[in-house]
Amino acid sequence: MLRILIVEDESFTRQLISNTLSQQGFEVRNFEDASTAIEAIESFEPHVVISDLDLGAFGASGIDLLQYVSRKFPWIGLVALTAHANPKLAAAGSLPEQVAYLVKSEISDLGQIGVAIRATLSNRTDQSTESTESTESTESTDEDQLVVSGLQAEALRMLASGMTNQAIADARGTSLRAVETLISRTYASLGLEREAGRNYRIEAVRLWQTGRVRVE
Amino acid sequence: MKSRTLAGLRQLDQTLAGKKAVNPKIWFFLLPLYSWFNWLCFADYFGDDLAQTIAFCTLLPLLHMACWLALAPLISRRGPKGSTTVMLGLATLAQMPSEFAKCYWLGIDWNPQPDRPFALQVIVTSVVIALTWKFMMLLTVEWFESSRARLGRLRAVRNELAQIRTQLNSRLSTDLQLLRAQIAESLTPTVERLRARLEGATSSQNLLALAGDIRSFCDREVRSLSHQISSGDDGARTQMSDGRQGLLATSAAVFRLGNSSVEFVAAMLLLVAAPYAINVAGYQTLPLVVIGIGLGYLVVRFVDRGRRRLVANAPAVVGFITGILMLAGVSELGLLAVRMLEPLYPQLVGFIEQLWLLLPLMLVFIWVVAGWTFGARELLRESEVELAESNQAVELENRRLRQQAAAARARLYRLLHGSVQGRLAAVSLALTALANEETPARSAELLEQAQQQLAAAERELAGAFDAQPGVVGVDEQWSELQSRWRNLIAISLTTSPEAWQALGANADLAREVLAALQEGITNAYRHARADRLEIELGIEDDELRLVMTNPVDDQQAASTEGTGLDGIALSASTVKFDRGQDFATLTATWKF
């Protein structure tokens, strides 16, 4: 089950998104401010962090939180919630490219949040605000789409960020052998069978970065 | 001492640069003055022929003036450097025709004569007297004119201050009224209508349509209004006139400060009286003039010390009159003493008789001119200081009003963009969820929450222009700020008790400093990627001083990238950003 961490200072919105994602089968934890959310990241190990960019006049904003997460936990997917019409402008270039943006007042379907989560995990942030229907139709017609689990997606994100197996093991707090097993299974899910002379690491990352991978 | 004199001469030379070295206004004073001196020195040559005496005393100074005006372009073209030297040289040249005319008219012999003035002697002494007065008058007119202009500018600055206050207050009030009208006539009724529609909505289709309308309302009206608020310009500019202070008002101010030095008066007297005496009674008078002026200077210096002490707190006019009385009194007593010794120099009796009226008159005249010159210079200095202070006051007032306007806009922007728009977006989301919700209990809960959100948005809009609640204690605010940055950046604060107390006593200052702290921390974390920040808050020279220092990785971008510094600059008196190799320091000060 994918773990989602929500940071939103407005309680009603926070609760609403939290309930919606829970109903969609995500494991959710929500927080009011950036500092408290950071404390929970190491123990909760979220796959995706969804944060409002504006978390009140005082303290760290959503931009600071997402920047922090992208720096310390580069494998975690990031979704920015905002009331700005031009969200990338609101972030003033402070956020990494892979952040998916959701404009609050433009969400006509709560399914869009789930789509944005899957998009950020698949590094397809440009499609994050498309409607559920259109994404589903894209997925159903795309027979080449490869499916991986949330854990495998996390491994792929770490590989894409240039981490070695040892670094992934250190980051996840597991053994090197466990990481090697996870990566082997990920290669298998992607249909990469072992053959001499092929670099699966590069091929797996290329598949991930070209949006050929879907997370379930 | 020598370098000080040279520096003083250089300063004078710069004062009389270009056109200032040939200011024609000096002739208002010089024409009567030169006529008077011609009368004093040469009236005896015409005996009882009054018409010729008057013609002589007026025509020669006029010729002198005409020659000067003809040569003036040559001097003014010299520019700022060396104007005074050139002026003195050309002024001598310009005087020559009238001097030659004088010798010719009076029939003065060109060969040296032991018992009466000869041509070269007359010319040299006349040039010395004329140059002394010209130089003095040029300084007086220049300083006086500069003082008038400065005082006029000062008055304009003070007027501008009042205008800025009125304009900004009026603009602020108009802007807020317009926003109030837009909120009251457009936003609030729409939110009310949306709430009414929500109460009547029963089907999923209705709820989804309502959600769509709310989204559209957020996108168009609320966003447009918040954009209007955030992009508003609070600046007010006034047209400042460069008028001059009135002639009489400036004169009054000059005499208020005019208290010329005794040394200056003695030197001037020597420069004018010695040539005059030589002209009238030959070189034999020179020792008598020098000794007389020297002794007179010593006595006046002694008396003047007591006089200044006596009139120190009296009105300026008292000081001025007592100065004149002192000079007149001392000169008369001196002449009395000289007369008692007349048997020692019987050939000078005629000359001494002339001095009974002439000496006090000349002294008073020098005293007045010197008073003008010194007073004008003092006034110039004083008005420059006042002008700088007034300019600073205008800046401070302007900044304070802009800051107030910016704070009001920021509050409204946050209310509309953050709170109201956020609530409306949440209602839209809730209605979308509600349309797909199948559990009655959950549906009822969502509906009730959506209604509560709309009611809260209505209340917020209605209270947008209410008085703001007071600031929560500084300690609480600082704790909250620090807590909300924990885990991202380590912040250490060192503060003096006086500085913290000052924040506690002044709510506006506390708000500004806390906002600056928030901006400084954001800057350090977001742009310099600092993991720690040291903050020092203290009071220095009647200023609250905030210093924020963070380590900088040289690979990272400079921490001036953000717009936060502009925000701090709007409220603080000064903002300075220094970037060293390993650290960056942001220093902001607030005047009490």
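So, here's what we can say about the structure. (Residues numbered from 1 in each chain as written. Chains lettered and ligands numbered in written order. Predicted model: local features only at pLDDT ≥ 70, side-chain atom pairs only at ≥ 80, totals over all residues.)

1. Focus on the overall build of chain B
A tally of helices and strands in chain B yields 16 helices and five strands. Split into buried and exposed, the 592 residues of chain B put 34% on the buried side. A fraction of 79% describes how many contacts in chain B between residues 6 or more apart in sequence connect residues 24 or more apart. (Helix = DSSP H or I, 4+ residues; strand = E, 2+ residues; numbered from the N terminus. Buried ≥ 20, exposed ≤ 12 C-beta atoms within 10 Å, placed from the backbone. Contact = placed C-beta atoms within 7 Å.)

2. A closer look at the nonpolar core
Core analysis: the biggest nonpolar cluster contains 129 residues, and A:I4, A:V79 and B:A430 have the highest contact counts within it. Among the elements that line this core, the one with the most residues is helix α11 (residues 349-436) of chain B, at 13 residues. Looking at this core, you find at least three residues from each of domain 1 (3-141) and domain 2 (146-215) of chain A. Beyond its immediate chain neighbours, meaning those up to four positions away, A:V79 contacts A:V48, A:I50, A:A100, A:L102, A:A116, A:I117 and A:T120. Formed by 61 residues, the second largest nonpolar core is a distinct cluster that contains B:M136, B:L151, B:A281 and B:V289. (Core = buried A, V, L, I, M, F, W, Y, C linked by C-beta atoms within 7 Å. Domains from an automatic or database assignment.)

3. Looking at the pairing of strand β4 (residues 574-579) of chain B
Sheet topology note: the β4(B)/strand β5 (residues 583-591) of chain B ladder contains six bridges and is antiparallel. Across the sheet, the residue bridging to B:F577 is B:L586, located in β5(B). (Pairing = 2+ DSSP bridges.)

4. A short note on the sheet that holds strand β3 (residues 543-551) of chain B
Residue and element names in this part refer to chain B. Here we have five strands laid out as an open sheet, ordered β1-β2-β3-β5-β4, and mixed in their pairing. Pairing within the sheet leaves two strands with one partner each, and these edge strands are β1 (490-495) and β4. Each strand of the sheet is rotated relative to its neighbour by a mean of 15°, with strand direction disregarded. Set on the sheet, helix α14 (residues 497-505) makes contact with β1, β2 (532-540) and β3; between it and β2 the angle comes to about 85°. The sheet contacts of helix α15 (residues 507-527) involve β1, β2, β3 and β5, and relative to β3 the element is tilted by about 15°. (Axes fitted to C-alpha atoms, helices over the stretch in contact; angles between N-to-C directions.)

5. Examining the environment of B:T132
All names here are of chain B. In this structure, T132 sits in helix α5 (residues 119-200). On the neighbour-count criterion, T132 (17 C-beta atoms within 10 Å) is partly exposed. Separated by 136 residues in the primary sequence, T132 and M268 have C-alpha atoms spaced 7.8 Å apart. Look past the residues within four positions of T132 in its chain and what remains in contact with it is M268, L271 and V272.

These results come straight from atomic positions and should not be treated as a statement about function.
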